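Results of the structural survey
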There are 2 protein chains.
Amino acid sequence: MELFERLLKGDLRAAGRLMSRAEAGAVEVRPTLGKIYKAAGKGHIVGLTGVPGSGKSTLVSKLVEAIREDGRKVGVIAIDPSSPFSGGSILGDRIRMSNLAMDDGVYIRSMATRGSTGGLARSALAAVDILDAAGFDIIIIETVGVGQDEVEIARASHSVLVVSAPGLGDDVQAIKAGILEIADIHVVSKCDRADANRTITDLKTMLAMGITVSMKNMNDKPLWQVPVVGTSSETGEGIRSLLETIDRHRDVHRSSALGPQRLRRIAEYRTFKTAEDLLRGRFFASTSERVAAMVERISRRELDPFTASDELMSNVAL
Amino acid sequence: MELFERLLKGDLRAAGRLMSRAEAGAVEVRPTLGKIYKAAGKGHIVGLTGVPGSGKSTLVSKLVEAIREDGRKVGVIAIDPSSPFSGGSILGDRIRMSNLAMDDGVYIRSMATRGSTGGLARSALAAVDILDAAGFDIIIIETVGVGQDEVEIARASHSVLVVSAPGLGDDVQAIKAGILEIADIHVVSKCDRADANRTITDLKTMLAMGITVSMKNMNDKPLWQVPVVGTSSETGEGIRSLLETIDRHRDVHRSSALGPQRLRRIAEYRTFKTAEDLLRGRFFASTSERVAAMVERISRRELDPFTASDELMSNVAL
């Protein structure tokens with residue numbers, strides 16, 4: 001049986017092999033990924049991001065446990081270099097979620113950002129589609145909230161969670177400023193700490209001052225108010241409540257105008273990223289003497305990259 | 001007089017206006033940026049990156065002072081969200097390098113990563129060209145060492161500095177692993193701290209174990225051995241020595257086979273990024289009904305992004 005058919009039956013080995021192929025970036029896998037894309041769309045995609053040290057990955061493992069308690073299937077794509085999941089792939093599989101390792105209803109895939117040049121969005125979003133098509137109910141995509149690509153990938157989801165934590169340094173706080181506004185749900189982790197209340201209050205104040213709702217229904221009521229949920233991976237506090245909030249956002253996403261709007265934005269992003277990926281592949285694999293001569297002349301500053309790329313892209317139909 | 005001519009005479013107001021235009025990403029500015037690219041190429045470009053908390057930005061300000069003591073002109077492009085320079089643009093110009101604020105031989109430009117979708121490399125590298133064409137001797141491009149784009153931008157320089165610091169958390173250390181190998185020069189900041197020696201020893205051990213030199217000369221001697229330089233922004237220790245090391249790397253870069261090899265890699269990267277930028281601009285600005293219908297069908301999963309982008313890119317000449 002073909003990998004694609006096996007995937008649709010929920011075969012996790014087929015899922016893993018397809019992810020590896022997607023990650024390798026071979027052109028041949030694209031038609032299969034296309035079929036998988038069309039077969040997917042049932043799962044709920046949760047983007048989870050936050051600064052280094054915010055406790056994202058411990059939170060994810062607690063969330064996975066709560067989702068499993070409901071009997072729902074959950075997948076995790078971790079592209080956070082500080083995550084134990086992706087950290088495993090970087091640091092040599094040192095850390096594993098042992099209590100979930102033998103559970104067929106959980107699938108964890110880590111992706112190293114190290115050395116990957118540009119293929120991050122491609123691999124990560126293909127992996128989400130693969131788990132979606134394999135019948136996973138919730139797919140969490142965990143990225144570190146620093147870096148343009150990383151933040152964009154987290155945004156390509158149905159519910160965006162931004163994780164904050166009390167007591168981080170000033171430079172980390174500055175990074176945080178850039179990602180707060182993308183949240184559908186704010187999570188304040190490490191709520192067992194005394195200073196967590198301050199972080200929650202700060203976020204609520206920020207939300208009260210800003211424009212927190214972008215779309216209203218016909219009665220002019222906001223469709224979604226961005227909530228702040230406190231959690232503690234230490235005590236388990238708030239984890240269940242966070243899952244309920246995610247489910248509530250999923251319901252609003254599915255039943256209101258928020259959903260189609262979001263889905264169009266994601267589709268636009270994915271179309272562009274896929275085209276970009278094609279451009280990258282063709283450019284760096286190009287054996288054309290014309291391209292090589294072009295690069296050589298640019299390196300000598302005899303030609304500029306703007307004129308060169310105008311020429312390269314002159315026939316693109318957009 | 002045209003902005004371009006004013007720039008070549010070293011007019012910093014012209015430089016600032018050209019950077020703003022490059023950042024805005026208008027298509028009209030591309031021919032001028034092309035001319036600037038060809039006029040540039042004399043300055044030495046230093047890429048400086050490191051994890052959050054490594055003390056990059058304080059180090060940069062000390063380095064700027066040392067370069068000015070020599071009477072050389074120095075520009076800084078800061079796209080680190082935790083930098084006081086770019087932090088200024090994000091957090092509202094709160095912090096400024098006051099003692100250098102009135103000095104014509106220093107130019108600092110900060111770029112917010114926040115809200116920028118993909119144009120980071122374009123704006124940053126155009127700004128480097130602009131300062132180069134305006135006659136700056138050294139241009140430092142400071143990025144946070146997290147995020148694919150950010151690391152790639154730092155690599156698009158003649159000398160790559162990776163800044164480490166003692167006493168950072170485990171999750172930050174994990175991020176660091178991904179950027180250590182891109183260094184031409186390792187810097188260990190905060191050397192006034194007792195635990196800094198350990199960081200220096202660790203880096204030296206890592207370098208001794210790994211393949212640290214990629215190219216040798218005809219006598220089979222390594223062209224460049226990656227050094228580890230300790231600095232303290234507190235005491236000023238090591239700053240002068242770091243600048244000497246940068247100058248030494250510049251000389252090797254300019255006189256050996258390392259230079260042309262590096263310049264070709266940078267040219268290749270820039271050509272691709274410029275083409276990608278053109279694709280992005282055209283795609284998101286497209287008013288074609290065909291593209292809109294395509295995105296709509298992809299959002300409904302009736303069409304997949306792979307088939308769609310194959311069609312969009314079918315005429316690209318590569």
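None of the values given here were measured: they were computed from a predicted structure.

Attention now goes to the overall build of chain A. When helices and strands are tallied, chain A shows 13 helices and 7 strands. When the 318 residues of chain A are sorted by exposure, 52% land in the buried category. In chain A, the proportion of contacts linking residues at least 24 apart, taken out of those at least 6 apart, comes to 74%.

This brings us to the sheet that holds strand β2 (residues 74-78) of chain B. Residue and element names in this part refer to chain B. Taken together, 7 strands build an open sheet; the order of strands is β3-β2-β4-β1-β5-β6-β7 and the sheet is parallel. The open sheet has two edge strands with one neighbour each: β3 (106-110) and β7 (228-230). This sheet shows a mean twist of 20 degrees between the axes of neighbouring strands, independent of strand direction. Alignment of β2 against β3, held across 5 bridges, turns out to be parallel. Its bridge partner lying in β3, glycine 75 is registered against tyrosine 107.

Generally speaking, soluble globular proteins have nonpolar side chains that are buried together. The biggest cluster of nonpolar side chains holds 171 residues, and the ones touching the most others in it are A:Ala124, A:Ile130, B:Ala124 and B:Ile130. Every residue in contact with A:Ala124, bar those within four places of it in the chain, is listed here: A:Ile77, A:Ile79, A:Met111, A:Ile141 and A:Ile153.

This paragraph deals with the packing of helix α3 (residues 30-39) of chain A against helix α13 (residues 305-312) of chain B. Look at α3(A) against α13(B): their axes get within 7 Å of each other, and the N-to-C directions meet at 130 degrees. With respect to each other, α3(A) and α13(B) are oriented oblique. Along the contact surface, α3(A) presents A:Arg30, A:Leu33, A:Gly34 and A:Tyr37, while α13(B) presents B:Pro305, B:Phe306 and B:Thr307. By residue class, the composition of the contact of α3(A) with α13(B) is 4 nonpolar, 2 polar and 1 charged.

All names here are of chain A. In the Ramachandran plot, arginine 301 falls in the positive-phi region, its phi being about 65 degrees despite a non-glycine side chain. Looking at where arginine 301 falls in the secondary structure, it is placed in the loop between α12 (289-299) and α13 (305-312). Residue classification places arginine 301 among the partly exposed residues on the basis of 16 C-beta atoms within 10 Å.

Residues and elements named next belong to chain A. Spatially, 7 strands are ordered β3-β2-β4-β1-β5-β6-β7 in an open sheet, and the strand pairing comes out parallel. In this open sheet, the two edge strands, each paired with only one partner strand, are β3 (106-110) and β7 (228-230). Each neighbouring strand pair of the sheet contributes to a mean axis angle of 20 degrees, computed without reference to strand direction. Bridge analysis of strand β5 (residues 159-164) against strand β6 (residues 185-188) gives 4 bridges, and the strand direction is parallel. Bridging from a neighbouring strand, valine 163 pairs with valine 187 of β6. Against the sheet, helix α4 (residues 56-69) touches β1 (44-50), β2 (74-78), β3, β4 (138-144), β5 and β6, its axis set at about 175 degrees to β4. Lying on the sheet, helix α7 (residues 148-155) is in contact with β1, β4 and β5; it crosses β4 at an angle near 160 degrees.

Moving on: the pairing of β5(A). With 6 of its 6 residues buried, β5(A) lies for the most part within the structure. Burial along β5(A) is two-sided: the residues A:Ser159, A:Leu161 and A:Val163 and A:Val160, A:Val162 and A:Ser164 are all buried.

Another point: the environment of B:Ile179. All names here are of chain B. Secondary-structure assignment places isoleucine 179 in the loop between α8 (170-177) and β6 (185-188). Isoleucine 179 sits 28 residues away from valine 151 along the chain, and the two C-alpha atoms are 7.5 Å apart. Sequence-distant contacts of isoleucine 179, defined by excluding residues within four places in its chain, comprise Thr49, Gly145, Val151 and Val162.

On to the pairing of β4(A), then. All names here are of chain A. Burial analysis of β4 places 7 of its 7 residues in the buried class, the great majority of the element. A two-sided burial pattern is seen for β4, the buried positions comprising Ile138, Ile140, Glu142 and Val144 on one face and Ile139, Ile141 and Thr143 on the other. Summarising the sheet, β1 and β4 pair through 7 bridges and their orientation is parallel. From the neighbouring strand, valine 46 faces β4, where its bridge partner is isoleucine 140.

Attention shifts here to the environment of B:Arg264. Within the secondary structure, B:Arg264 is located in helix α11 (residues 258-285). Taking the number of C-beta atoms within 10 Å as the measure of exposure, B:Arg264 has 16 and is therefore partly exposed. Dropping the residues within four chain positions of it, B:Arg264 is found in contact with A:Val295, A:Glu296 and A:Ser299.

This brings us to the packing of α4(A) against helix α10 (residues 239-255) of chain A. Residue and element names in this part refer to chain A. Running from amino to carboxyl end, α4 crosses α10 at an angle of 70 degrees, the nearest separation of the two axes being 10 Å. The angle between the axes of α4 and α10 places the two elements in the roughly perpendicular class. The residues of α10 that touch α4, namely those facing Lys62, Leu63, Ala66 and Ile67, are Ile239, Arg240, Leu242 and Leu243. Tallied by class, the residues present in the contact of α4 with α10 amount to 6 nonpolar, no polar and 2 charged.

Here we come to the confidence of the model for chain A. Residues and elements named next belong to chain A. For chain A, per-residue confidence averages 85 on the pLDDT scale, and residues scoring 70 or more make up 84% of the total. Element-level pLDDT for chain A is lowest in helix α5 (residues 84-91), with a mean of 48, against a maximum mean of 97 in α10. Scoring of the predicted complex yields 0.83 for pTM and 0.87 for ipTM.

Next up on the list: the environment of A:Val252. Residue and element names in this part refer to chain A. Within the secondary structure, valine 252 is located in helix α10. Distance from valine 252 to alanine 121, taken between C-alpha atoms, is 26 Å for residues 131 residues apart in sequence. Ignoring anything within four residues of it in the chain, the contact list for valine 252 reads Leu223, Trp224 and Leu258.

This part takes up α13(A). Residues A:Pro305, A:Phe306, A:Ala308, A:Ser309 and A:Leu312 constitute the buried set of α13(A). End-on view of α13(A): buried residues confined to an arc of 160 degrees, all on one side of the axis. Buried residues belonging to α13(A) abut α12 of chain A together with α3 (30-39) and α11 of chain B.

Criteria and thresholds
Residues numbered from 1 in each chain as written. Chains lettered and ligands numbered in written order. Predicted model: local features only at pLDDT ≥ 70, side-chain atom pairs only at ≥ 80, totals over all residues. Helix = DSSP H or I, 4+ residues; strand = E, 2+ residues; numbered from the N terminus. Buried ≥ 20, exposed ≤ 12 C-beta atoms within 10 Å, placed from the backbone. Contact = placed C-beta atoms within 7 Å. Pairing = 2+ DSSP bridges. Axes fitted to C-alpha atoms, helices over the stretch in contact; angles between N-to-C directions. Core = buried A, V, L, I, M, F, W, Y, C linked by C-beta atoms within 7 Å. Parallel < 35°, antiparallel > 145°, perpendicular 65-115°, else oblique. Nonpolar A, V, L, I, M, F, W, Y, C, P; charged D, E, K, R; others polar. pLDDT = per-residue confidence, 0-100. Arc of directions from axis to C-beta.

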